Amino acid sequence: MATASSTGVSRLLEAEKSADELTSRARQEAERTVADARKRAEQILAGEGPEAGGDRDAARLRDEAQAEKARIARETQLHIERIRALAATRRAEAVERLVGKLFGHS
């Protein structure tokens, strides 16, 4: 008869195995996607394949990539600013509590 702890451990091990499988599948899919993107980029730059138009398509892809990088940079900057504001607020609250404890008990 299985105990509650052994059942919990079994479930934990099954969950870990499932997570490993999902991670492995995601990694494989990402590798396939990157390989496909590289192949497509090589075809475009070589003027081959269905995207033959070469320079125009390559320039469009570069522009899209630059726009995406700029968007990510803006979002990252906003996130950093929010974190700094939150840290400043928490620091101010901590100072207030400390001052309250120091002078509230005098």
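As the structure is a prediction and not an experimental result, all values here were calculated from the model. (Residues numbered from 1 in each chain as written. Predicted model: local features only at pLDDT ≥ 70, side-chain atom pairs only at ≥ 80, totals over all residues. Heavy atoms only, no water.)

Trainee: Explanation requested: the pattern of salt bridges in the structure shown.
Mentor: Two side chains carrying opposite charge are able to pair once their charged atoms lie near each other. Inspection of every chain in the model, using the stated rule, returns three salt bridges. Residue glutamate 64 pairs with arginine 60 through a salt bridge whose shortest N-O separation is 2.9 Å. Placement of both glutamate 64 and arginine 60 in helix H2 (residues 55-104) is noted, with a separation of four residues, approximately one turn of the helix. A residue is classified by how much of its surface remains accessible, and arginine 60, at 36% relative accessible area, is partly exposed. With its nearest N and O atoms 2.5 Å apart, the salt bridge here joins arginine 71 to glutamate 68. Placement of both arginine 71 and glutamate 68 in helix H2 is noted, with a separation of three residues, approximately one turn of the helix. (Salt bridge = Lys/Arg side-chain N within 4 Å of Asp/Glu carboxyl O. Helix = DSSP H or I, 4+ residues; strand = E, 2+ residues; numbered from the N terminus. Buried < 20%, exposed > 50% of the residue type's maximum accessible area, 1.4 Å probe, protein only.)

Trainee: Would you mind showing me how to read the environment of glutamate 42 here?
Mentor: Structurally, the position occupied by glutamate 42 is in helix H1 (residues 4-46). Judged by its relative accessible area of 56%, glutamate 42 falls in the exposed class. The spatial distance from the C-alpha of glutamate 42 to the C-alpha of alanine 58 is 9.7 Å, given a sequence separation of 16 residues.

Trainee: What should I look at first to understand a nonpolar patch on the surface in this one?
Mentor: Residues Val95, Leu98, Val99, Leu102 and Phe103 make up a contiguous nonpolar surface patch of roughly 510 Å² in combined accessible area. For valine 95, the position within the fold is in helix H2. For valine 95, a relative accessible area of 47% gives the class partly exposed. (Patch = residues over 30% accessible without salt bridge, like charges linked within 9 Å, V, L, I, M, F, W, Y side chains within 5 Å. Areas by Shrake-Rupley, 256 points an atom, 1.4 Å probe, with all protein chains shown as cover.)

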